[in-house]
Amino acid sequence: MIIRRPPDIAPSEITDPGVYNRRREFLAGLGLGLAAAALPGRALAVAAPAHGARFEGVVPNVVTLDEKATPFDSMTTYGNFYEFGPDKESPARNAHRLRTRPWTITVDGAVKTPKTFALDDILKWAPLEERTYRLRCVEGWSAVVPWVGFPFAELAKRAEVTGNAKFVEFWSLADAEQMPFVRIPFLDWPYVEAIRLDEAMHPLTILAFGMYGEVMPKQNGAPVRLVVPWKYGFKGAKSIVRIRFVEKQPETVWTKTAPDEYGFYSNVNPDVPHKRWSQANERRLGEFFRRRTLPFNGYAEQVGQLYTGMDLKRYF
Ligand SMILES: Nc1nc2c(c(=O)[nH]1)N[C@H]1C(S)=C(S)[C@@H](COP(=O)(O)O)O[C@H]1N2
Ligand SMILES: [Mo]
């Protein structure tokens, strides 16, 4: 997914108007390196974080998934959070610089009045539930994660969304002081992802504040991230500071970077290969053999009706 190693990028490029075109060249060169870099299960190059504070009174397993959870140490030492660097270990190495309090989310756009909520108030809006979901990265690795959170609909309820809203944007923090790689324009910061409003309102879509019963590790998107279990992992923006309701389908960080590779919908689909590799199977973190990838990541029964009549090869 990533382009070329940020250390190769001279700071002078930061203001260079040609950056966008070069970004596309970087992407073209990515294919092979990616396959090697994305290989999960190798020896840990970074230490797993210390365990965080446990949430109290979490409602157990609301959406049951009869699969073994990926070990905490794998989920916290292998992942993507490009604001902290390009490698799978970069988040574990660098995310300790993130300050997660005080933290607010600004809710604006197609709403009656824009509002800013403190995270500690948001946490009281609804019971925290454990939701064990499959996570499928577009790069071909996957995991099973017991998230802690509640439906996004709880936020929408308080946002006074207007009738014109059709899509929702999720903006990650982009503070170069805490996130060193935000200085380097290999993505168009801030990291903004978006989904349709009806997808956001689906009961499987959650705001997650933790995992494995604990507050979210910083490298996994503390203090709050989006989880949409039937979509590729990159739709799940981490460390969210702004949620904007909009009327028209917006550009996202990935459609801006390579619309032919990372479509707006990005529903997990074994029948629609990525431009440079198959999506037919995946490797679970910590496992050796690959498994078949399921349509909508195994959630077809719950979410398939959101897409009736749509050509999923065109709207990939
Ligand atoms: N802000 C932000 N959110 C992000 C990313 C990122 O680089 N920055 N990476 C995405 C990708 S590609 C994946 S697969 C998941 C990884 O989440 P995990 O590290 O908890 O496995 O986060 C997603 N959210
Ligand atoms: Mo990903």
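Source: prediction; values computed, not measured.

### Topic: the side chain of Lys88
Logical step 1: With respect to the helices and strands, Lys88 occurs in the loop between helix H3 (72-77) and helix H4 (90-94).
Logical step 2: By relative accessible area, Lys88 is classed as buried at 7%.
Logical step 3: A polar atom in the side chain of Lys88 sits 2.7 Å from the side chain of Asn80.

### With respect to the pattern of salt bridges
Logical step 1: By the definition in use, this model includes 24 salt bridges.
Logical step 2: Across the salt bridge formed by Lys115 and Glu160, the nearest N and O atoms sit 2.8 Å from each other. A residue pair is termed long-range when its members are at least 10 positions apart, and Lys115 in strand S3 (residues 115-118) and Glu160 in the loop between helix H6 (153-159) and strand S6 (167-172) qualify at 45 residues.
Logical step 3: Classification of Lys115 as partly exposed rests on a relative accessible area of 26%.
Logical step 4: Its salt-bridge partner being Lys124, residue Asp121 comes within 3.8 Å of it at the nearest N-O pair.
Logical step 5: When its relative accessible area of 66% is taken as the criterion, Lys124 is described as exposed.

### Section: the packing of aromatic side chains
Logical step 1: This structure, assessed with the given rule, holds 21 aromatic pairs.
Logical step 2: Ring centres of Phe117 and Trp125 lie 4.9 Å apart, and the angle between their planes is 85°; on these two criteria the pair is classed as edge-to-face. Residue Phe117 shares its accessibility class with Trp125, and that shared class is buried.
Logical step 3: On the numbers, 5.7 Å between centres and 85° between planes, the contact of Phe186 with Trp189 is edge-to-face.
Logical step 4: In this structure, Lys235 is placed above the aromatic ring of Phe264, and the distance from its NZ or CZ to the ring centre is 4.5 Å.

### Side note on the sheet that holds S3
Logical step 1: Strand order in the open sheet formed by five strands is S3-S2-S11-S6-S7, with mixed pairing between adjacent strands. Each edge of the open sheet is held by one strand with a lone partner, namely S3 and strand S7 (192-196). Across the sheet, the mean angle from the axis of one strand to that of its neighbour is 20°, orientation sign disregarded.
Logical step 2: Relative to S7, S6 is paired through five bridges, and the arrangement is antiparallel. Bridge assignment links Trp171 to a residue of S7, and that residue is Val192.

### Some words on the site of ligand 1
Logical step 1: In the region of ligand 1, 19 residues are neighbours, and Tyr82, Glu83, Arg225, Gly236 and Lys238 sit closest.
Logical step 2: One of the backbone N or O atoms of Tyr82 is found 2.8 Å from an oxygen atom in ligand 1.
Logical step 3: Between ligand 1 and the protein, one listed contact pairs a nitrogen atom with a side-chain N or O atom of Glu83 at 2.8 Å.
Logical step 4: Out of a free accessible area of 530 Å², ligand 1 has 100% covered by protein chains.

### Points about the nonpolar core
Logical step 1: Ranked by size, the top nonpolar core spans 91 residues in total, and within it Trp147, Phe152, Phe209 and Phe245 carry the most contacts.
Logical step 2: Top contributing element to this core by residue count: strand S5 (residues 141-151), with seven residues.

### Quick word on the confidence of the model for the chain
Logical step 1: Considering every residue of the chain, the mean pLDDT works out to 89; 86% of them sit at 70 or more.
Logical step 2: Predicted confidence is poor over residues 2-42, with pLDDT under 50, and the contacts of this stretch with residues over four places away or in other chains come to 66 contacts.

What counts as what
- Residues numbered from 1 in each chain as written.
- Chains lettered and ligands numbered in written order.
- Predicted model: local features only at pLDDT ≥ 70, side-chain atom pairs only at ≥ 80, totals over all residues.
- Heavy atoms only, no water.
- Helix = DSSP H or I, 4+ residues; strand = E, 2+ residues; numbered from the N terminus.
- Buried < 20%, exposed > 50% of the residue type's maximum accessible area, 1.4 Å probe, protein only.
- Polar contact = N/O pair within 3.5 Å; in protein donor to acceptor, adjacent residues only side chain to side chain.
- Salt bridge = Lys/Arg side-chain N within 4 Å of Asp/Glu carboxyl O.
- Phe/Tyr/Trp six-rings, centres within 6.5 Å; stacked < 30°, edge-to-face > 60°.
- Lys NZ or Arg CZ within 6 Å of the ring centre and 35° of its normal.
- Pairing = 2+ DSSP bridges.
- Axes fitted to C-alpha atoms, helices over the stretch in contact; angles between N-to-C directions.
- Near = heavy atom within 4 Å.
- Areas by Shrake-Rupley, 256 points an atom, 1.4 Å probe, with all protein chains shown as cover.
- Core = buried A, V, L, I, M, F, W, Y, C linked by side-chain atoms within 4.5 Å.
- pLDDT = per-residue confidence, 0-100.
- Contact = heavy atoms within 4.5 Å.

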